[in-house]
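Examination of the molecular architecture
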Amino acid sequence: MSLLDRLRPDALAAPESGIVAVMNYARARGTDGLIPLWAGEGDLPTPRFIADAASASLAAGETFYTWQRGIPELRQALADYTARLYGRPASADRFFVTGSGMHAIQIAIAALAGKGDEVVYFGPAWPNFAAAAGVAGAAPREVALDWTESGWQLDIAKLEAAIGPNTRALFVNSPSNPTGWTADLETLRAILDLARRTGVTIVADEIYSRFFYAGERAPSFHDLIEPEDAVIFVQSFSKNWAMTGWRIGWIEAPPVYGDVIENLVQYSTSGVAAFMQRAAVAALAEGESFVAGQIERAHKARSIFCETLMATNRVSLVPPEGAFYAFFAVDGVEDTRSAAFRIVDEARVGIAPGTAFGPAGPRFMRACFHRRLDEVETAANRLADWIGKVG
C-alpha cells in the first residue's frame, strides 16, 4: 500500500484549482509587468481603521481562547448591519463567526450533507462549493445557467428537475462568481417556493450583494424569508472591506441551528481570534464610506473593461449585473486553459480559464476588474490586442 492509498478517495478526488494553476505558471516564469486579474480580490490593502482595531486588541492582550459563536459585540454588530442593509429586524442569535467565507460554506455542508446525499448548485460556478461537497462525501449536481444575448439566465424548470429524493441543499450564489448573474426577486421567490415544497435547505452565498450595479444592493432572500424558512447565509468580510487575507466570515441561520453550528466551529477551528473579530467590528461600524468607494470604483472599472473588449466584436460578453468579474468568450478560442497560459506570455495579463468553473463554462474566461482604473484600462487594451491577433 502506497502512502496515497491510505488517504480517503474523496480527498484524493479533490480537483486542482484551475485558477491557481495559471497563477503558479506566471509566478514560476516571473513575467515582468503582468497585471493579475485572476483572483477574486481587489488591489487595495485593508483600511487603517480596521488594522488599528486589531492592533489595539493585541496590545490589550486579547490573545486567549474566545467565544465559539463569536464575541457578543461582533454578533450584535452583524445583526445591526444586516438590519440596516435589508430593512428588517435581525437578532444577534442568528449570527455565527467563522474563519472565512469558505469555512462558513464547509460548516453549512457539514451540517447538511454527507455520503449518499446530493447538493445542487448553479454553473458556471466558483469551484470551491462543489469541491467541498465532494470532499465531505456528498455528490454535487450542477444546474447550468443558460447563456443568452442578454446575459445568463436560470431555467427554474431545469432546477426543479435536478432536485431529487437525495437532495439536501441548494447552493445559490447571487450575484454570481464568475458570471455576474444576479437573481431578481421573482427568481428568488421561485427558488424559495421550490425549496419549501421539496424540503431542501438553501445555502445562500450573497457575498457580492453590495457589488450590484443597479441599486444599493442586490435582491436577497432576506427580502422574502419567514422565520421558519430553512435558509443558511454564508458571508465574508473579504470583498467589501478588503480583508481577503484575514480569513474571517460569518453564517446567518435560524437560531435553532445554533448548537450544531457552535459544535462544528469547535471541531474545526475552535473559533476566530479575538483581535480579528475586533477588526471586523470596526469594519462594520466605520466602513460604509470605504465600501461605497470600492463599489464606485468597480462600477467605473466594469465600464472600462467590458466596453474595451466588446469593441473588438469578437467576444461574447454582457456587462455583469453584480460582483466584479467579466466572464467572456473569444471567437475561435475553445481551449481556455491553454489560452490563459498564452495570455500570460503574450499579453502579460493574468486571467482565469473557464475550465476552472465547471462543465458549464469551459469556453469562457474570467477577469477580475476590481483594481486601479489605469491598470484595468491597460489590461483591457492588452487583451483586446491579443484577441485581435488570435483565431
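Further up the page is the structure itself.
Model, not experiment: these values are computed from the prediction. (Residues numbered from 1 in each chain as written. Predicted model: local features only at pLDDT ≥ 70, side-chain atom pairs only at ≥ 80, totals over all residues. Heavy atoms only, no water.)

Further remarks concern the overall build of the protein chain. The helix and strand inventory of the protein chain stands at 13 helices and 15 strands. For 391 residues, the compact-globule formula gives about 21 Å, and the C-alpha radius of gyration of the protein chain, at 21 Å, lands near that figure. Projecting the C-alpha coordinates of the protein chain onto the three principal axes gives extents of approximately 60 × 55 × 50 Å. Out of the 391 residues in the protein chain, the part that is buried amounts to 53%. Considering only intrachain contacts with a sequence separation of at least 6, the fraction spanning at least 24 residues in the protein chain is 75%. Just so you have it, the protein chain exposes about 16,700 Å², and 52% of that area is on carbon and sulfur atoms. (Helix = DSSP H or I, 4+ residues; strand = E, 2+ residues; numbered from the N terminus. Rg over C-alpha atoms; globule rule 2.2 N^0.38 Å. Buried < 20%, exposed > 50% of the residue type's maximum accessible area, 1.4 Å probe, protein only. Contact = heavy atoms within 4.5 Å. Areas by Shrake-Rupley, 256 points an atom, 1.4 Å probe, with all protein chains shown as cover.)

Moving on, we get to helix α11 (residues 288-310). Between the first and last C-alpha of α11 there are 33 Å, a value that for 23 residues agrees with the 33 Å anticipated at 1.5 Å per step. Among all positions in α11, only Phe290, Val291, Gln294, Ile295, Arg297, Ala298, Ala301, Arg302, Phe305, Cys306, Thr308 and Leu309 are buried. For α11, the elements touching its buried residues are β11 (315-316), β12 (325-330), β15 (364-368) and α13 (373-389). (Expected span 1.5 Å × (residues − 1).)

Attention now moves to the environment of glutamate 216. Note that glutamate 216 resides in the loop between β8 (201-205) and β9 (231-236). With relative accessibility at 60%, the residue glutamate 216 sits in the exposed group. The sequence separation of glutamate 216 and tyrosine 25 amounts to 191 residues, and the corresponding C-alpha distance is 38 Å. Aside from chain neighbours lying at most four places away, what touches glutamate 216 is Leu85 and Arg210.

Another aspect to go through is the pattern of salt bridges. When charged atoms on two side chains of opposite charge get close, those side chains can pair. Inspection of the entire model under this criterion finds 23 salt bridges. For aspartate 345, the salt bridge identified is with arginine 29, shortest N-O distance 2.8 Å. Taken together, the positions of aspartate 345 in helix α12 (residues 336-347) and arginine 29 in helix α2 (residues 18-29) put the pair 316 residues apart, joining distant regions of the chain. Look at aspartate 345 and you get partly exposed, because its relative accessible area is 36%. With a closest N to O distance of 3.2 Å, glutamate 160 and arginine 197 form a salt bridge. Remark: arginine 197 occurs in helix α8 (residues 185-198) and glutamate 160 occurs in helix α7 (residues 156-162); sequence separation between them is 37 residues. (Salt bridge = Lys/Arg side-chain N within 4 Å of Asp/Glu carboxyl O.)

Our next topic: the packing of α11 against α13. Their axes nearest at 9 Å, the elements α11 and α13 cross at an angle of 15 degrees. Comparing their axes, α13 and α11 come out roughly parallel. Here α11 and α13 pass one another in a crossing that is right-handed. Note on element contacts: α13 touches α11 through Leu373, Val376, Glu377, Ala380, Asn381, Leu383, Ala384 and Ile387, opposite Arg297, Lys300, Ala301, Ile304, Phe305, Thr308 and Leu309. (Axes fitted to C-alpha atoms, helices over the stretch in contact; angles between N-to-C directions. Parallel < 35°, antiparallel > 145°, perpendicular 65-115°, else oblique. Left-handed = near helix turned anticlockwise from the far one by under 90°.)

Quick look at the sheet that holds β8 now. Pairing is mixed in the open sheet, where seven strands are placed in the order β2-β10-β9-β8-β7-β3-β4. If you trace the sheet from one side to the other, it starts and ends with β2 (95-98) and β4 (139-144), each paired once. Looking at each pair of strands side by side, their axes are set apart by 25 degrees on average, direction ignored. Where helix α6 (residues 128-135) meets the sheet, its contacts fall on β3 (118-123), β4 and β7 (167-173), and the angle it forms with β3 comes to roughly 165 degrees. (Pairing = 2+ DSSP bridges.)

In total, this model carries 19 aromatic pairs according to the counting rule given. An aromatic cluster of three or more residues is present, and its members are Trp147, Trp152, Phe327, Phe357 and Phe364. One residue, arginine 75, lies across the ring of phenylalanine 96, its end atom 5.4 Å from the ring centre. (Phe/Tyr/Trp six-rings, centres within 6.5 Å; stacked < 30°, edge-to-face > 60°. Lys NZ or Arg CZ within 6 Å of the ring centre and 35° of its normal.)

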